[in-house]
Amino acid sequence: MYTARALRRALDPAEAEITVVSPDPYMTYQPFLAEAAAGNISPRHVVVPLRAVLDRVGVVVGEVTAVHHDRRTVTLRTAASVEDGSGAFEREYDELVLAPGAVSRTLPVPGLAEHGIGFRTVEEAIGLRNHVVEQLDIASSTRDPAVREAALTFVFVGGGFGGVEALAELEDMARYTTRYYHNVTADDLRWILVEAADRILPEVDEEMAHYAVRALRRRNIDVRLHTRLDSIGGRIAHLSDGTVLPTRTLVWTAGVRPHPLLDATDLPRDARGRVECTAFLSVAGREHAWAAGDAAAVPDLAARQAGAGADETCRPTAQHAVRQAAVLARNLAASLRDAPLTEYRHVYAGSVASLGLHKGIGHVRGRRLTGYPAWLLHRAYHLGRMPTVNRKARVLAEWTLSGLFKREIVSLGSLEHPRAEFESAAGGGARGGPRKGFPDSPGFRFPGDAQDL
């Protein structure tokens, strides 16, 4: 999206036709997913509609299944092509910009595919919020101690930014929500963070990572380092340290990997599976092909100059991706006009992370921040990076209102099965019978739970 916007500004419509192919008609601003899950931001305000921001750019909502750069074609499939029976079809191009991003990196853990919950999309974030509130409802209404224990135990696997921010925001939200339950207290909740490495938050220095662990443990969050998830099934999580955790919530945030689309291309890739790129954002050894973002292995010239290593590549962060997009657009336009190209070079400014409402950590240009200042910087930075004035204003308005009023604690889990009530009625259900969102409703299923309640 960023590249297409910059290209449209650089190139006259008579010079080039620009088409964006995406499986979703919007771009998700992922740094705000945790806040959306906590209810601080409306989910529709963390996504940016492509058609609204890409003026004079063609948008095709579909899935690219293969890239044949040797003959400059992509194979893609859209909802319309599936509906009319034509299936996948090919489309030619002159210049290719490959930026599919990354997907969750999963491991062959028994039961993970059936019971795990991801945290990469806005749908997953809102589904997880609904799920957490539903667990409080279950714990409040059951008389079975085993069901109550499993409902109030929340396990997060992966100690990167995504996992820590999601856990911290949801713990904040759930702790606040318990004040509205007569028989569930904040002390009844059990939150566990499982990390295989010897530290969390590899994006910040060790001192800040240790501070984050201490801050989480002060909130009675159980941080397990040097620990792996061995299996999850039957609402039981088995950890490598021998711990057995009854739980109905297993959130998997253990890193990312390049998008599987790269397996269906004929472009060169590095040891991590990313597309090999030059410092100009062009694909190494291939003409008319460009790449950026999490799926691209771009030389980090600033880090190499600082002595970090000759093979250092840019980290898979939004900080690099949005800047790479601008350089890529300028270089692509320059290549069409036989003008000189510019190398991508960016000195990493640092990192900030939210640890819940009014809590955070940051390491910015050599300075360490904690608590409220870090949290405020986190919000200010990402608000500035949020695309479009429209979205900036809406997010800022919601933050302002959330500061004036109480948190939203409503769960709209029925949104995940919007036809359940009608199906029950059409199937002969009477008023007062099965209700949407309840176990006897058609299609009822807790997120990440393959068993009946």
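Figured I'd write up the structure that's included with this text. (Residues numbered from 1 in each chain as written. Predicted model: local features only at pLDDT ≥ 70, side-chain atom pairs only at ≥ 80, totals over all residues. Heavy atoms only, no water.)

Pairing in this open sheet of three strands is antiparallel, and the strands run β13-β14-β15 from one edge to the other. Because the sheet does not close on itself, it has two edges, and the strands there are β13 (229-233) and β15 (244-246). Between one strand axis and the next, the sheet turns through 15° on average, direction left out of account. Bridge count between β13 and strand β14 (residues 236-239): four bridges; the pairing is antiparallel. When the sheet's bridge partners are listed, Ser231 is paired in β14 with His238. (Pairing = 2+ DSSP bridges. Helix = DSSP H or I, 4+ residues; strand = E, 2+ residues; numbered from the N terminus. Axes fitted to C-alpha atoms, helices over the stretch in contact; angles between N-to-C directions.)

This brings us to unusual backbone geometry. Outside of glycine, negative phi angles account for most residues, and trans bonds account for most peptide bonds. Even without a glycine there, the phi angle at Asp338 is positive, about 55°. Locating Asp338 in the fold gives a position in the loop between α11 (318-336) and β21 (350-354). The class for Asp338 is exposed, based on a relative accessible area of 74%. Positioned with a positive phi, His358 is a non-glycine residue whose angle comes to about 70°. Counting through the fold element by element, His358 comes out in the loop between β21 and β22 (360-364). By relative accessible area, His358 is classed as partly exposed at 42%. (Buried < 20%, exposed > 50% of the residue type's maximum accessible area, 1.4 Å probe, protein only.)

Here we take up the sheet that holds β22. Pairing in this open sheet of three strands is antiparallel, and the strands run β21-β22-β23 from one edge to the other. On the outer flanks of this sheet lie β21 and β23 (367-370), each paired with one strand and no other. When strand polarity is set aside, the average angle formed by the axes of neighbouring strands in this sheet is 5°. Judged from the five bridges that link them, β21 and β22 form a sheet pairing that is antiparallel. Bridge pairing in β22 places Gly350 opposite Val364.

Let us now look at the packing of helix α1 (residues 2-10) against α11. Contact geometry for α1 and α11: axes closest at 8 Å, N-to-C directions at 35°. The chirality of how α1 crosses α11 is right-handed. Where α1 approaches α11, its residues Tyr2, Thr3, Ala6, Leu7 and Ala10 are matched on the opposing element by Val322, Ala325, Leu328, Ala329, Leu332 and Ala333. (Left-handed = near helix turned anticlockwise from the far one by under 90°. Contact = heavy atoms within 4.5 Å.)

For the rest of this paragraph, the subject is the pattern of salt bridges. This model, assessed by the stated rule, comprises 20 salt bridges. One salt bridge connects Glu35 with Arg379, and the closest N-O pair in it is separated by 2.8 Å. A residue pair is termed long-range when its members are at least 10 positions apart, and Glu35 in helix α2 (residues 33-38) and Arg379 in helix α12 (residues 371-385) qualify at 344 residues. The burial state of Glu35 is the same as that of Arg379; both residues are buried. Between Arg407 and Asp172 there is a salt bridge, with its nearest N and O atoms 4.0 Å apart. On the criterion of sequence distance, the pair formed by Arg407 in the loop between α13 (389-404) and α14 (420-426) and Asp172 in helix α8 (residues 161-177) is long-range, its members being 235 residues apart. Here Arg407 matches Asp172 in class, with each residue buried. Here the residues in one salt-bridge network are Glu171, Asp172, Arg175, Arg219, Lys359 and Arg407, joined through shared partners. (Salt bridge = Lys/Arg side-chain N within 4 Å of Asp/Glu carboxyl O.)

Side chains Ala237 and Leu239 project from β14 onto a buried face, and the interleaved Ile236 and His238 project onto a face without burial. The antiparallel pairing of β13 with β14 creates a hairpin that spans two residues between the two strands, and Gly234 there sits at a positive phi of about 60°. Two elements, β14 and β15, share three bridges in a ladder whose sense is antiparallel. Its bridge partner lying in β15, Ile236 is registered against Pro246. Connecting β14 to the antiparallel partner β15 that follows it, the hairpin turn spans four residues, and Gly242 within it adopts a positive phi of roughly 90°.

In this section: the nonpolar core. Nonpolar side chains tend to gather and get buried jointly when the protein is soluble and globular. Within the largest apolar cluster, 102 residues are counted, with the highest numbers of intra-cluster contacts made by Leu54, Phe119, Phe156, Trp191, Ile200 and Ile361. With nine residues, the top contributor of residues to this core is helix α6 (residues 122-141). Setting aside chain neighbours within four positions, we find Ile361 in contact with Leu201, Val204, Met208, Tyr211, Ala212, Ser351, Val352, Ala353, Leu355, Leu369, Thr370 and Ala374. Among the nonpolar cores identified, the runner-up in size contains 14 residues, and Ile232, Leu250, Trp252 and Ala254 belong to it. (Core = buried A, V, L, I, M, F, W, Y, C linked by side-chain atoms within 4.5 Å.)

Geometric descriptors of this kind do not, in isolation, establish any biological role.
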